[in-house]
Amino acid sequence: MRLLALSIALLSIAFALPFGASAATISIVSMQYSATHPVPHLHYEGTTEDGDVATLQSMYETFVKCRLSCIGPDGGATAVLTLNGPGGSYYEGLALADFLRANHIATVVERGSTCYSACAFAFLGGSGWSSQEGVGTYVDRMVEPGSIVGFHAPYADEESFTNAINERGAMATQGQTRDSLALMVKELVKWNVDPEVIFRMVGMGPDETYNLVTAEDLYLARVTLPPTPSSGWITDLPSAVREVCLRLLAIDERADPYDMQWRFESDYTPSIGKAEFVGPISGYKLGDRLLDIGNCSATDASMASDGDYEVALYFTPGLDGLNAPSTSFFNRQHGWSSAGVGRDPLKRIFAKGPLNSFFLPLDVNIDALDLPGEADIDANRFNTLLPPLLPTMPADLVVDASTPSSRVSHLGDVFVFERVGSRQLYDSALAQGALGRAYTNDVTTDTGFVREGAFVDTAATFVWFGIPNGESSAVVEAIVVKPNGEAPTDEDLATLRRVQCEADFLGATLNCG
């Protein structure tokens, strides 16, 4: 649906450095996934089988050198895992999800990718973390329009099922199936998935999947769009408020949002009431009964904001003439967005950044809406229609893998991660500062920035620099990856220096004089 579709597809054709003995290829792509997730980008490609967790752990421990110390109170992930897979081992998928949550790794299924069955269960483990009181671990799993995440209940193919009956008998085989279904339900509840998803999955045949493609699907699976400005997803604000109200009613009544449409008794009504502390509210009448929900409205003050909307179900007016709020929705462009009630961010709808899918029609494929927010997702990932050329680097670096916008190479124990894109790539890296890093050198000039030092969590030595050039930029991170935490050698340090001083990005270089 977008002009960038071709270039985005090209970005997904090759990934770097497969590790370990597993069916899926698990790799490191770059050290900076996006502006909202400026962390290492790992990729999972292929069938889910035994050994995938061990491979992912090896990749993570080798290359993700900055962990919780790099995350401030505003929250974040230690890495992002993009996924593209047909499924496979159900139990390995669950184990992958547990690993992702334990290590606070966010998950994304990008445009053009599919993630079915066991891959989809692994995807549900996407998480972030914040040291802010009352937050801790929170859900961080995202889909882009034009992707498919597909679920079905665990099953055995006909041949395996027949063999199991012959070997163990019908009752034992049925018992194993019940155990698998019970485990699936337990895990989905743990990952805060709406029970409606379970109902739909259990009714699926072995060749059917419940796919997350509409805004209602994202609501039920507690999945978000990548965080971008809400303005890119809203074409009519009163209609967007109505869509939020459908979700709030569903939360309040533990129902499907689509089944809540009959509750509306009026069109959008300005100044439908007034609430204590927040003032005038505007929205939709739901009823007149005393001590019951009377309307669903947004505060007028938030409607005048740049996307920080506050919507709630309100009781009919009390003796003071004021409407008291019930189930609420808070949308924040920067900070925490939430819907519903409860203190545990793993058990409520809670996200860092806006909950933009709440504003969209329930039953339409999000990609078919072709909204400006899709281009904002590209911008957030520093994508351009034609990626700038990768920098010229020392000739003796061994290239492990590359895409049009990233390259991974090494020389000895020094691994070099290059990323090119829009100017926002440079600005995002520059803004990250020293969180989780101890600098021995930190210099910014008109030609770029250079930061040298070691990671606080792992003591790994690095050189990190960025070079802007017009509307394009390149960011490079070279890390000494030593076995057993050994100190870098003089040869390693010399390689870091050469990478910094010999990098040439479209004729722009750093001043190493």
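To be clear, the structure that these remarks concern was listed above.
Residues numbered from 1 in each chain as written. Predicted model: local features only at pLDDT ≥ 70, side-chain atom pairs only at ≥ 80, totals over all residues. Heavy atoms only, no water.

Engineer: Any chance you could explain the pattern of salt bridges here in plain terms?
Structural biologist: Side chains that differ in charge, positive against negative, can pair when their charged atoms come close. The final tally for this structure, using the stated rule, is 18 salt bridges. Here Asp442 ties to Arg451 by a salt bridge, and the two come within 3.4 Å at their closest N and O atoms. A single network of salt bridges, built from pairs that share partners, joins Glu110, Glu144 and Arg381. (Salt bridge = Lys/Arg side-chain N within 4 Å of Asp/Glu carboxyl O.)

Engineer: Could you clarify how one ought to interpret the state of the cysteines in this entry?
Structural biologist: Disulfides are covalent bonds that link the sulfur atoms of two cysteine residues. Using the criterion set out here, one finds four disulfides in the structure. The disulfide that involves Cys115 links it to Cys119, with 2.0 Å between the sulfurs. Between Cys115 and Cys119, the disulfide has an S-S torsion of -105° and is therefore left-handed. The class of Cys119 is buried, set by a relative accessible area of 0%. For Cys245, the disulfide goes to Cys296, at an S-S distance of 2.0 Å. Taking the torsion about the S-S bond as the criterion, the Cys245 to Cys296 disulfide, at about -90°, is left-handed. One end of the pair, Cys245, is in helix α9 (residues 237–253); the other, Cys296, is in strand β13 (residues 293–299), with 51 residues separating them in the sequence. Here Cys245 matches Cys296 in class, with each residue buried. (Disulfide = S-S within 2.5 Å. Buried < 20%, exposed > 50% of the residue type's maximum accessible area, 1.4 Å probe, protein only. Helix = DSSP H or I, 4+ residues; strand = E, 2+ residues; numbered from the N terminus.)

Engineer: It is not clear to me how helix α7 (residues 195–202) should be interpreted in this structure. Could you clarify?
Structural biologist: One full turn of an α-helix is made of 3.6 residues, so residues set three or four places apart face in the same direction. Listed in full, the buried residues belonging to α7 are Val197, Ile198 and Met201. For α7, the angular spread of buried residues about the axis comes to 100°, placing them on one side. N-cap assignment for α7: the residue whose side-chain oxygen lies 2.8 Å from the backbone N of Glu196 is Asp194. (Arc of directions from axis to C-beta. Polar contact = N/O pair within 3.5 Å; in protein donor to acceptor, adjacent residues only side chain to side chain.)

Engineer: What is the right way to look at the environment of Val416 in this model?
Structural biologist: Relative to the elements of secondary structure, Val416 occurs in strand β20 (residues 414–422). Residue Val416 is classed as buried on the basis of its relative accessible area of 0%. Separated by 62 residues in sequence, Val416 and Ala478 have C-alpha atoms that sit 4.3 Å apart. Once residues within four sequence positions are removed from consideration, Val416 is found in contact with Met393, Leu397, Arg407, Val408, Ser409, Val476, Glu477, Ala478 and Val499. (Contact = heavy atoms within 4.5 Å.)

Engineer: Is there a simple way to explain the pairing of strand β24 (residues 472–480) in this structure?
Structural biologist: Each regular strand displays side chains that alternate between the two surfaces of the sheet. A large share of β24 lies buried, amounting to nine of its nine residues. Of the two faces of β24, the one lined by Ser472, Ala474, Val476, Ala478 and Val480 and the one lined by Ser473, Val475, Glu477 and Ile479 are each fully buried. With nine bridges connecting them, β20 and β24 associate as antiparallel partners. By the bridge assignment, Phe417 is partnered in β24 with Glu477. Strand direction decides the pairing type here: strand β23 (residues 461–469) and β24, joined by eight bridges, are antiparallel. (Pairing = 2+ DSSP bridges.)

Engineer: Got a minute to help me understand helix α13 (residues 423–431) in this structure?
Structural biologist: All of the buried residues in α13 are Leu425, Tyr426, Ser428 and Ala429. Down the axis of α13, the buried set is contained in an arc of 165°. They therefore lie on one face. Looking one or two places after α13, you find Gly433, whose phi comes out positive at around 70°.

Engineer: How should unusual backbone geometry be read in this particular structure?
Structural biologist: Glycine aside, residues mostly have negative phi, and peptide bonds are mostly found in the trans state. Despite not being glycine, Arg254 has its phi angle at roughly 50°, a positive value. Within the secondary structure, Arg254 sits in the loop between α9 and β11 (269–275). Using a relative accessible area of 83% as the deciding quantity, one classes Arg254 as exposed. At Phe277, a position not held by glycine, the phi torsion is positive, near 75°. Tracing the backbone shows Phe277 in the loop between β11 and β12 (279–285).

Engineer: For this particular structure, what's the right way to read the nonpolar core?
Structural biologist: Inside soluble globular proteins, nonpolar side chains tend to come together where they are buried. By size, the foremost hydrophobic cluster in this structure holds 98 residues, and its most contacted members are Leu42, Phe121, Phe123, Val149, Val311 and Phe329. For this core, the leading source of residues is α9, giving nine residues. Beyond its immediate sequence surroundings of up to four residues, Phe329 is in contact with Val244, Leu248, Tyr309, Glu310, Val311, Ser338, Ala339, Leu355, Phe358 and Phe359. (Core = buried A, V, L, I, M, F, W, Y, C linked by side-chain atoms within 4.5 Å.)

Engineer: Where do I start with the sheet that holds strand β4 (residues 105–109) in this structure?
Structural biologist: Within a sheet, neighbouring strands are paired by backbone hydrogen bonds and run either parallel or antiparallel to one another. Strands sit in the order β1-β2-β3-β4-β8 across an open sheet of five strands; the sheet is mixed. In this open sheet, the two strands that pair with only one neighbour each are β1 (25–30) and β8 (141–143). Averaged over all adjacent pairs, the angle separating strand axes in this sheet is 25°, with direction ignored. Across five bridges, the pairing between strand β2 (residues 41–45) and strand β3 (residues 79–84) is parallel. Bridging across to β3, His43 finds its partner in Thr82. (Axes fitted to C-alpha atoms, helices over the stretch in contact; angles between N-to-C directions.)

Engineer: It is not clear to me how the packing of helix α2 (residues 52–63) against helix α3 (residues 90–102) should be interpreted in this structure. Could you clarify?
Structural biologist: Between two packed helices, both the angle of their axes relative to each other and the distance between the axes serve to describe the pair. Viewed as axis vectors pointing N to C, α2 and α3 meet at an angle of 25°, and their least axial separation amounts to 9 Å. The angle between α2 and α3 places the two elements in the roughly parallel class. For the pair formed by α2 and α3, the contact residues are Asp52, Val53, Leu56, Gln57 and Tyr60 on the first element and Glu92, Ala95, Leu96, Phe99 and Leu100 on the second. When its residues are assigned to classes, the contact of α2 with α3 shows seven nonpolar, one polar and two charged. (Parallel < 35°, antiparallel > 145°, perpendicular 65-115°, else oblique. Nonpolar A, V, L, I, M, F, W, Y, C, P; charged D, E, K, R; others polar.)

Engineer: I keep staring at the packing of aromatic side chains and nothing clicks. Help me out?
Structural biologist: The description of an aromatic ring pair uses the distance of the two centres, along with the angle that the planes make with each other. Taken as a whole and judged by the stated rule, the model has 19 aromatic pairs. Arranged with centres 5.2 Å apart and planes meeting at 75°, the rings of Phe63 and Phe415 form a pair that is edge-to-face. With a gap of 352 residues between them, Phe63 in helix α2 and Phe415 in strand β20 connect regions that are remote in the sequence. A ring pair is formed by Tyr90 and Tyr91, whose centres lie 5.2 Å apart and whose planes are at 65°; its orientation type is edge-to-face. Overall, Tyr91 belongs to the partly exposed group, its relative accessible area being 46%. Each residue in the set Tyr219, Tyr309, Phe329, Phe358 and Phe359 is aromatic and connected to the rest through ring pairs, giving one cluster. The lysine or arginine in question, Arg247, covers the ring of Phe358, its NZ or CZ lying 5.9 Å from the ring centre. Across from the ring centre of Trp464, 5.1 Å away, lies the NZ or CZ of Arg451, which sits over that ring. (Phe/Tyr/Trp six-rings, centres within 6.5 Å; stacked < 30°, edge-to-face > 60°. Lys NZ or Arg CZ within 6 Å of the ring centre and 35° of its normal.)

Engineer: I keep staring at the sheet that holds strand β10 (residues 210–211) and nothing clicks. Help me out?
Structural biologist: Read from one edge of the open sheet, three strands run β5-β9-β10, paired in mixed fashion. Lying at the two open borders of the sheet, with one neighbouring strand each, are β5 (114–116) and β10. Two elements, β5 and strand β9 (residues 148–151), share three bridges in a ladder whose sense is parallel. Bridging across to β9, Thr114 finds its partner in Ile148.

By themselves, these figures tell us nothing about what the structure is for.
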